[in-house]
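# Overview (structure and organization)
Okay, here's what each chain looks like letter by letter:
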Amino acid sequence: MGERILTIPNLVSAARLAAIPYFWWVLLSEQRVGLAAALIFVIGSTDWVDGYLARRLDQVTELGKILDPVADRLMIASALVGGLLAGVIPAVFGWLLIVREVVVVVGGLVLAGRGMGKLVVRPLGKVATFLLYGAIPSFYLVAADIAPWLFAPPAWIGGFVGVVLYWWVGVEYALDMRSSMVSVQSSATNQEV
């Protein structure tokens, strides 16, 4: 099953990816911040669906292991960058997340480029992603003046906790990368001896 491409979970992940350009159009061309918030929520809330279906239907694939986190990262990055461009996301919040994301992506690419495997998604990272998928559209709803009294607290509280957890997991990823590099260097040194 690991080599299959056309599976139900992969179709869900592909649909999530395909919705991202629509989000950009709604936010920047149509300037419908409320609808953009709804799209973030829908794309984010379906994050668990592809993984659940993959396990439940015994359709876990290598492609799916790539598509799911790529869809997450692209949606969060789109929501952040789009939110910063539209003045919806507070700058400090947005930039803390963007810097962390760039550091983790570059580290993952370095690992992959050196043939050292890939970063394994951590459960705490999933919790952080869940919190951010709640906080980010809440900032959008506040900016759209849709019940700001209701959405401002989860935006700031969920956003703060999500950022802290996101950075915590980022540090764990950095330690994993360092460990992988040390392990590879030790193996190379032992083979030379």
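Here is a short report on the structure shown in this document. (Residues numbered from 1 in each chain as written. Predicted model: local features only at pLDDT ≥ 70, side-chain atom pairs only at ≥ 80, totals over all residues. Heavy atoms only, no water.)

### Considerations on the overall build of the chain
This is how it is decided: Helix numbers and strand numbers start at the N terminus; a helix is a DSSP run of H or I with at least 4 residues, a strand a run of E with at least 2. Partly exposed residues are those whose accessible area sits between 20% and 50% of the maximum for their type, while under 20% is buried and over 50% is exposed, using a 1.4 Å probe and protein chains only. Contacts were defined at the residue level, with two residues in contact if any of their heavy atoms lie within 4.5 Å. Calculation of accessible area relied on Shrake-Rupley with a 1.4 Å probe; when residues are assessed, cover is drawn exclusively from the protein chains displayed. Charge counting treats Lys and Arg as positive and Asp and Glu as negative, with His and both chain ends excluded. By convention, the charge on Lys lies at NZ, on Arg at CZ, on Asp at CG and on Glu at CD.
When helices and strands are tallied, the chain shows seven helices and zero strands. Ordering the α and β elements of the chain from the N terminus gives α-α-α-α-α-α-α. Principal axes of the C-alpha set define a box for the chain whose edges measure 65 × 35 × 25 Å. Considering the chain as a whole, with its 193 residues, one finds that 37% of them fall into the buried category. For the chain, the proportion of contacts with a sequence separation of at least 24, taken over those separated by at least 6, is 78%. If you sum the accessible surface of the chain, you get close to 10,800 Å²; carbon and sulfur atoms cover 70% of it. Within the chain, one finds 13 positive and 13 negative side-chain charges whose respective centroids are separated by 3 Å.

### Structural notes on the pattern of salt bridges
Our working rule: By convention in these notes, a salt bridge is any Lys or Arg side-chain nitrogen within 4 Å of a carboxyl oxygen on Asp or Glu.
All told, the structure shown has 10 salt bridges when counted by the stated rule. The salt bridge involving arginine 73 is made with glutamate 101; its shortest N-O contact spans 2.7 Å. On the criterion of sequence distance, the pair formed by arginine 73 in helix α4 (residues 62–86) and glutamate 101 in helix α5 (residues 91–113) is long-range, its members being 28 residues apart. Under the relative-accessibility criterion, arginine 73 is labelled partly exposed at 24%. Here arginine 122 makes a salt bridge to aspartate 176, at a shortest N to O gap of 2.4 Å.

### Some remarks on unusual backbone geometry
Positive phi is not limited to glycine here, since aspartate 58 has a value of about 55°. Here aspartate 58 lies in the loop between α3 (47–56) and α4. Phi at alanine 147 is positive, roughly 45°, even though this residue is not glycine. Here alanine 147 is to be found in the loop between α6 (123–143) and α7 (148–192). Note on alanine 147: relative accessible area 21%, which makes it partly exposed.

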